[in-house]
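Read off the chains here:
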There are 2 protein chains.
Amino acid sequence: MKHEFKPADHTWEGIEPKGYKADNKSEGDGFRGVTKHVISGDRGEPCNFVVRYFEVEPGGYTRLERHEHIHSVTVVRGRGYAVVGSDVHPLRHLDHVYVAPMTLHQFVNDGPEPFGFMCIVDSPRDRGQKATPEEVAALERGAATTGKVRS
Amino acid sequence: MKHEFKPADHTWEGIEPKGYKADNKSEGDGFRGVTKHVISGDRGEPCNFVVRYFEVEPGGYTRLERHEHIHSVTVVRGRGYAVVGSDVHPLRHLDHVYVAPMTLHQFVNDGPEPFGFMCIVDSPRDRGQKATPEEVAALERGAATTGKVRS
């Protein structure tokens, strides 16, 4: 089974773009300009993982959150950065970032082009827990993270 | 944890390139010119999957084999094709191909550039079973697969 990539609109044949969270919106509580494609793992495949492609528009960001499950993230479009714990990682084409369990993380597009990455997770998995205002405030004071967190 | 991609040699900081199979060779019984990077999943991460990057040099091919576990494959370098069951799928940048359980499959680079793809699998998983000579002969007679299988 092949899903052909369509460069003109950066989508895949037979894969419907979705919003970022369960309500299927790309803007919401703590996130902005994020769409999702489920590349594999939601069509009854006998496997223990889901492969998603997230795209963050210029100025957009994913929600600052944590969860028990890990993220394995590889960039395939544009550039941006990730806040992971107290670190900030600039991310470009094919850079990989690992997000460990219960580590606050956020992906931000601070560039002029869409920022897209593959993100692989376990299936099933726990729901994300949004950072608290106190945690956001602490990151705003952090050596690497000052000015980097979005909400 | 970030593994920075190094475009000059198409490798990742902190990730050692390996051979294709357990004997760590890139040439062997039924395969040629294949290297592997384990992007995530072999460093004790608490997850049920492994993300690998395979690169097939021009003229190279993976082993024609089958196994119980699925493959979720997304192309990130060059082009080539996949034999999957009785089908042949041309593959270019970001094309995705799903390999179902117990389906014979082979990735072939018939182009002038390295052909590279991310391949995600369950962990743990079963070992590959090489196609039998009879199966190879049948594919050589197949409508789509004649002239496409390598060994």
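Please refer to the structure placed before this passage.
This write-up is about the structure you can find in this document. Everything numeric in this text was worked out from a predicted model, so none of it was measured.

1. Thoughts on the overall build of chain A
Argument step 1. Looking only at helices and strands, one finds one helix and 14 strands in chain A.
Argument step 2. Against the compact-globule benchmark of 15 Å for 151 residues, chain A has a radius of gyration of 15 Å, which places it among compact chains.
Argument step 3. Looking at the 151 residues of chain A, the share that counts as buried comes to 54%.
Argument step 4. Once local pairs closer than 6 in sequence are excluded, the contacts in chain A between residues at least 24 apart make up 63%.
Argument step 5. For chain A, the computed accessible surface area is about 6,600 Å², with 49% contributed by carbon and sulfur atoms.
Argument step 6. One way to put it: in chain A the 20 positive side-chain charges average out to a point 1 Å from where the 22 negative ones average out.

2. Focus on the relation of the copies chain B and chain A
Argument step 1. Laying chain B over chain A is done by rotating through 180° and shifting 0.0 Å along the axis; what remains is an RMSD of 0.0 Å. Those values place the two copies in the arrangement expected of a two-fold rotation axis.
Argument step 2. In this assembly, 100% of the residues forming the interface of chain B have copies in chain A that are likewise at the interface, indicating an isologous arrangement.

3. Some thoughts on empty space enclosed by the protein
Argument step 1. Within this structure, the stated rule accounts for one cavity of 30 Å³ or more.
Argument step 2. Taken as a whole, the largest cavity encloses approximately 50 Å³ of empty space.
Argument step 3. Together, A:T74, A:M118, A:I120, B:V51, B:T74, B:M118 and B:I120 line the largest cavity.
Argument step 4. Put simply, the parts of the chain that give the lining of the largest cavity at least two residues each are β13 (115-122) of chain A together with β13 (115-122) of chain B.
Argument step 5. Each residue belonging to the lining of the largest cavity can be placed in one class, and the counts come to five nonpolar, two polar and no charged.

4. A look at the layout of surface pockets
Argument step 1. The space that makes up the largest pocket amounts to roughly 570 Å³.
Argument step 2. Around the largest pocket, the lining comprises 27 residues; the ones closest to its centre are B:Y20, B:K21, B:K36, B:R52 and B:R125.
Argument step 3. Sorting the residues of the lining of the largest pocket by element identifies β5 (32-40), β6 (49-61), β12 (105-108) and β13 of chain B as the ones contributing at least two each.
Argument step 4. Take the lining of the largest pocket: its biggest share by element is three residues, from β6(B).
Argument step 5. Residue composition of the lining of the largest pocket, grouped by class: nine nonpolar, seven polar and 11 charged.
Argument step 6. If you trace the second largest pocket, you find 22 residues lining it, with A:Y20, A:K21, A:R52, A:E65 and A:G128 closest to the centre.
Argument step 7. Of all the elements in the fold, those that place two or more residues in the lining of the second largest pocket are β6 (49-61), β8 (71-77), β12 (105-108) and β13 of chain A.
Argument step 8. The leading source of residues in the lining of the second largest pocket is β13(A), at three residues.
Argument step 9. Split by residue class, the lining of the second largest pocket holds eight nonpolar, six polar and eight charged.

5. Focus: the packing of aromatic side chains
Residues and elements named next belong to chain A.
Argument step 1. Counted by the stated rule, this structure contains 15 aromatic pairs over all chains.
Argument step 2. Through a chain of ring-to-ring contacts, three or more aromatic side chains come together here, namely Y20, F31, F54, F107, F115 and F117.
Argument step 3. Just above the ring of Y81 sits the side chain of K148; from NZ or CZ to the centre is 4.7 Å.

6. Examining the interface of chain B and chain A
Argument step 1. Across the boundary between the two partners, chain B contributes 34 residues, which contact 34 residues of chain A.
Argument step 2. Across the chain B to chain A interface the summed buried area is about 3,100 Å²; carbon plus sulfur atoms make up 62%.
Argument step 3. The interface formed by chain B and chain A contains four salt bridges.
Argument step 4. Measuring nitrogen to oxygen at the nearest pair gives 3.7 Å for the salt bridge that ties B:K2 to A:D95.

7. A closer look at the environment of B:R52
Argument step 1. Its place among the elements puts B:R52 in strand β6.
Argument step 2. With residues near it in sequence (within four places) discarded, B:R52 still touches B:K36, B:H37, B:V38, B:I39, B:H71, B:F117, B:M118, B:C119, B:V121 and B:R125.

Conventions adopted
- Each chain has its residues counted from 1, following the order in which its sequence is written.
- Throughout, the order in which chains and ligands are written sets their labels, letters from A for the former and numbers from 1 for the latter.
- Only residues with pLDDT of at least 70 are given local features in this predicted model, and only at 80 or more are side-chain atom pairs given and counted; all residues enter the totals for whole chains, interfaces and linings.
- As a rule here, side-chain values come from all non-hydrogen atoms in the structure, and water together with hydrogens is ignored.
- Here a strand is any run of E in DSSP of at least two residues, a helix any run of H or I of at least four, and the numbering for each starts at the N terminus.
- Radius of gyration here uses only the C-alpha atoms, and the compact-globule reference equals 2.2 Å multiplied by the residue count raised to the power 0.38.
- Here the term buried applies to any residue with accessible area under 20% of the maximum for its type, exposed to any over 50%, and partly exposed to those in between, with areas from a 1.4 Å probe on protein chains only.
- Note on definitions: a residue-residue contact is assigned when non-hydrogen atoms from the two residues lie within 4.5 Å.
- Note on areas: Shrake-Rupley with a 1.4 Å probe; residue coverage comes only from the protein chains shown.
- For the purpose of charge, His is not counted, nor are the chain termini; Lys and Arg are scored as positive and Asp and Glu as negative.
- By convention, the point assigned to a charge is CZ for Arg, NZ for Lys, CD for Glu and CG for Asp.
- Superposing copies: least-squares fit, C-alpha atoms only, residues required to have pLDDT of at least 70 in both.
- With a 1 Å grid spanning the protein atoms alone, the term cavity applies to any set of points in which a 1.4 Å probe fits but cannot get out, the term pocket to an open set with protein on both sides within 12 Å along at least five of seven lines, and the term lining residue to any residue with an atom within 4 Å of a point.
- Grid points are joined across faces, edges and corners, and a volume is the space filled by probe spheres set on the points.
- Only Asp, Glu, Lys and Arg are considered charged in this grouping, and only Ala, Val, Leu, Ile, Met, Phe, Trp, Tyr, Cys and Pro are considered nonpolar; every other residue, Gly among them, is considered polar.
- Pairing of aromatic rings covers Phe, Tyr and Trp, the last through its six-membered ring, and needs centres within 6.5 Å; plane angles under 30 degrees mean stacked, over 60 mean edge-to-face, and all others mean tilted.
- Lysine NZ or arginine CZ positioned within 6 Å of the ring centre and within 35 degrees of the ring normal marks a charge as sitting over the ring.
- Buried area is understood as the total, over both parts, of accessible area removed when two parts are fitted together, assessed with a 1.4 Å probe.
- What makes a salt bridge here is a side-chain nitrogen of Lys or Arg within 4 Å of a carboxyl oxygen of Asp or Glu, nothing more.

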